[in-house]
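Commentary on secondary and tertiary structure
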Amino acid sequence: MPDNAAEVTAAGIARLAGVGRAAVSNWRRRHADFPKPVGGTETSPSFSLADVERWLRAQGKLAEVPPRERVWQQIAGHPAGAVTALVHAGCALLLVHDRSSGWLEMTAVSDERMAELLPPALEEILTLRFGPERPVPTPNPTELAPSVPLLRAAAEFAAETGARQAFEFLLGRHLDANPRQYTLTPPGPASLMAELAGPAGTVLDPACGTGALLRAVDKPTALYAQETDRDLAALTALRLALRSGAEVHARSGDSLRSDAFPRLTADAVLCHPPFNERNWGHEELAYDPRWEYGFPARTESELAWAQHALARLRPGGTAVLLMPPAAASRRSGRRIRADLLRHGALRAVVALPAGAAPPYGIPLHLWVLRKPVAGAPASPELLVVDTSEHTDAGRDRLDWPAVHTAVLDAWQPFDKHGTVAERPGAHRCVPVIELLDDDVDLAPARHLPPPAAAGGAEELAGVRDRLTAVLRRTVELTPPPARTAAHPESARLPGVTVGELARTGALELRAGGTGTAAGAGTGHSTAPRTATGDATGTGGGAASAPVPSVPVLTEQDVLTGRAPSGSLPEGTGEEPVLVRAGDVVVPVLGGGSIARVVDEATEGAALGRNLQLLRPDPAAIDPWFLAGFLRGTANNRQASSYASTATRLDVRRLHLPRLPLAEQRRYGETFRALAEFEEALRLAGRLGERLVRGMYDGLTDGTVEAAPAG
């Protein structure tokens, strides 16, 4: 095998063939001609991609490897490492994007000749796009030689999806494959921060990671990015250049210790700084001129980033930073917070719902700052906004459209007029003089009057009426008393596994994975002193660009019985698996016994991660019969495997009894009635919880009276 041949793991083979990893293990045991390992370890071997492709085709398990998978496997198996391969691919895609005709001329030669022709062309295009101090080095012919097959495949992929989408997919797949190295910055906060900053030509992100925040800026003229990790700086530069026609100035280095743009006066600064970092330069930066509002304590690295952002703004420019909530109330930072308020530099503090960005367990804040204009009076008020009402339970359930609307409906009139009408529990303009006490606590919840309890007594009465009606319906749907089977031993009918049904064509299996739940994304390296970025989701499906408006049926949606709540990421380069009415969807993680039959209202949604879709042939299998037997506890137990921290369901090992279709439908009607009863119980639980919480709130804030005595 050539030294530069790409290798693929068992997981990669499973992705190529659209099967689970267990199927790959079975192939290795049952087929003597299955390719032998060429690398990896005994527990995690790797195989030659070319040998695997040939074997899959010969077995009729693969018609053709999709270009995106071919490129990704070449990147993952590159002898110089995935990051180097991504940089080489990004350079080639930039050349394809900017000079497609020149690219075609250079590819009509041998691989050896192409490695010699590419460096001068790349040098020219990289210098043109990034200037002489560019973060992307030009690879020499020796460095490029192992990458030439990859670059040809990447260009083929780009011909299908576009150069930008191809790079987004490849970078997203790399970040997804290395989750412990990166801190996620979801697209929801990124787009909200860009909107809060407003129209801006020149934008800086001093802790850019993979460029999530700069990607969210609409129609910039110049983008400035700095990142401590040299590789991330190069990838960010390529990503931004492929996305936008703006000037891209990206540098590697520590923005606090070694600012790459000391004379920049930007229209806007967007930043998700590293949190709780003590080694930010407290000792050597004591007399730095950026500390106009006070020298930050060692524990206040976020206030150092806030002042750095203000120092790089033009007068009147806006900075938006994602901050930990402690930065609004720690006593060690109260003097700097007070000075920011006195000078009118801090304009708004927005509390996001828990789950908006990592760490997902706490509600992070957005700080909106503005560089004071000489001679202009300081703002006498601070806008505080609390969006905690717009979450149900965790990051997969954030209602980002509602969060955006709530924040911008408060910020835009405040920014224009200097004030906005108060909305209890949601937003308020707080006089600065009211905040300048011993604590200077800026947490929004501490300064907002509580909202009326669940809309007041009238709304509580409506909730009670709905609950009463649902409880009546629940009684009607309660299953009749169970009867013991006359001959229990005869109920153990001959069975068949889901895997066997799939092989005979009685049903089709599809794995989820395209798209992300709302709020998902990827970002910055977790190595010391790195910052944020984002990425796209990846997963199964066929090869074409997804439609961004398609909702995603997530794992949580299936577990809770709600409508699809996820969203597709941008630029995955692959088509999502769309569910149809009559499909059965099963979560594969967690060890629960859940199976959901897709109805007409859910039809057309994309299948999310950690879900398996079973599409039965209606002439052979009743979907409700299928879903019902898949939920059997014993069935799930024998089909589950156990790791140290998780339980995984192998759907192919689940059993069904062999029954005629008419008998299946009889069972199916009973299972359908049980599902309807289960949904009624869920709704009653939600309404009951809402009524109880509303009563507690109403009684404690005085909007609801206690019941009369006696």
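Anyway, here's the lowdown on the structure attached to this text.

Quick notes on the rules
- Residues numbered from 1 in each chain as written.
- Predicted model: local features only at pLDDT ≥ 70, side-chain atom pairs only at ≥ 80, totals over all residues.
- Heavy atoms only, no water.
- Helix = DSSP H or I, 4+ residues; strand = E, 2+ residues; numbered from the N terminus.
- Buried < 20%, exposed > 50% of the residue type's maximum accessible area, 1.4 Å probe, protein only.
- Contact = heavy atoms within 4.5 Å.
- Areas by Shrake-Rupley, 256 points an atom, 1.4 Å probe, with all protein chains shown as cover.
- Patch = residues over 30% accessible without salt bridge, like charges linked within 9 Å, V, L, I, M, F, W, Y side chains within 5 Å.
- Salt bridge = Lys/Arg side-chain N within 4 Å of Asp/Glu carboxyl O.
- Lys, Arg positive; Asp, Glu negative; His and termini not counted.
- Charge placed at Lys NZ, Arg CZ, Asp CG, Glu CD.
- Polar contact = N/O pair within 3.5 Å; in protein donor to acceptor, adjacent residues only side chain to side chain.
- Phe/Tyr/Trp six-rings, centres within 6.5 Å; stacked < 30°, edge-to-face > 60°.
- Lys NZ or Arg CZ within 6 Å of the ring centre and 35° of its normal.
- Pairing = 2+ DSSP bridges.
- Axes fitted to C-alpha atoms, helices over the stretch in contact; angles between N-to-C directions.
- Parallel < 35°, antiparallel > 145°, perpendicular 65-115°, else oblique.
- Left-handed = near helix turned anticlockwise from the far one by under 90°.
- Nonpolar A, V, L, I, M, F, W, Y, C, P; charged D, E, K, R; others polar.
- Disulfide = S-S within 2.5 Å.
- Expected span 1.5 Å × (residues − 1).

**Observations regarding the overall build of the protein chain**
Check the secondary structure of the protein chain and you find 23 helices and 25 strands. Here the protein chain holds 710 residues, and the buried ones make up 52% of them. In the protein chain, once contacts between residues fewer than 6 apart in sequence are set aside, the share between residues at least 24 apart is 73%. Working note: accessible area of the protein chain is about 31,700 Å², and carbon and sulfur atoms make up 53% of it.

**Some remarks on a positive patch on the surface**
Taken together, Arg29, Arg30, Lys61 and Arg503 make up a surface patch of like positive charges. Tracing the chain through its elements places Arg30 in helix α2 (residues 21-30). Under the relative-accessibility criterion, Arg30 is labelled exposed at 62%.

**Some details on the side chain of Arg562**
Summarising the element assignment, Arg562 is placed in the loop between α20 (555-560) and β18 (566-567). In this structure the side chain of Arg562 is engaged in a polar contact, spanning 2.3 Å, whose partner is the side chain of Asp557.

**Describing unusual backbone geometry**
Pro358 connects to Pro359 through a cis peptide bond whose omega is -5°. Within the secondary structure layout, Pro359 lies in the loop between β10 (346-351) and β11 (365-370). Even without glycine at this site, Asn610 takes up a positive phi of about 60°. Residue placement: Asn610 occurs in the loop between β21 (606-607) and β22 (611-616). Relative accessible area serves as the criterion here: at 30%, Asn610 is assigned to the partly exposed category.

**As for the packing of aromatic side chains**
Here the structure, examined in full by the defined rule, presents 13 aromatic pairs. Ring plane angle 85° and centroid distance 5.1 Å describe the contact between Tyr224 and Phe261, whose orientation is recorded as edge-to-face. Here Tyr224 is found in strand β6 (residues 222-227), whereas its partner Phe261 is found in the loop between β7 (247-252) and β8 (266-271), with 37 residues between them in sequence. You'll find Tyr224 and Phe261 in the same group, each marked buried. Through a chain of ring-to-ring contacts, three or more aromatic side chains come together here, namely Trp27, Phe34, Phe47 and Trp55. For the cation-ring pair, Arg666 lies above Tyr667, with the distance from its terminal atom to the ring centre recorded as 5.5 Å.

**Points about the pairing of strand β3 (residues 45-48)**
Two elements, strand β1 (residues 7-9) and β3, share three bridges in a ladder whose sense is antiparallel. Among the inter-strand pairings, Thr9 is bridged to a residue of β3, identified as Ser46. Pairing of strand β2 (residues 39-40) with β3, which is carried by two bridges, proceeds in the antiparallel orientation. Along β3, the bridge assignment pairs Gly40 with Pro45. Between β2 and the antiparallel strand that follows it, β3, lie four residues.

**Re the packing of helix α5 (residues 82-98) against helix α13 (residues 230-243)**
In the contact formed by α5 and α13, the axes pass within 10 Å of each other and the chain directions differ by 20°. Viewed along their axes, α5 and α13 adopt a mutual orientation that is roughly parallel. Remark: the crossing between α5 and α13 carries left-handed chirality. Every residue of α13 that contacts α5 at Val83, Leu86, Val87, Gly90, Cys91, Leu93, Leu94 and His97 is listed here: Asp231, Ala234, Leu235, Leu238, Ala241 and Leu242. Grouping the amino acids of the contact of α5 with α13 by side-chain chemistry returns 11 nonpolar, two polar and one charged.

**A closer look at the state of the cysteines**
In this structure the tally under the stated criterion is zero disulfides. For Cys208, which is in no disulfide, the shortest distance to another cysteine sulfur is to Cys271 and amounts to 9.6 Å. According to the relative accessible area criterion, Cys271 is buried, its value standing at 0%.

**Focus: α13**
Over its 14 residues, α13 extends 20 Å from the first C-alpha to the last, a length consistent with the 20 Å expected when each residue adds 1.5 Å. Along α13, the residues that are buried comprise Leu232, Ala233, Ala234, Leu235, Thr236, Ala237, Leu238, Arg239, Leu240, Ala241 and Leu242. Capping the start of α13, Asp229 holds a side-chain oxygen 2.9 Å from the backbone nitrogen of Asp231, two or three residues further along.

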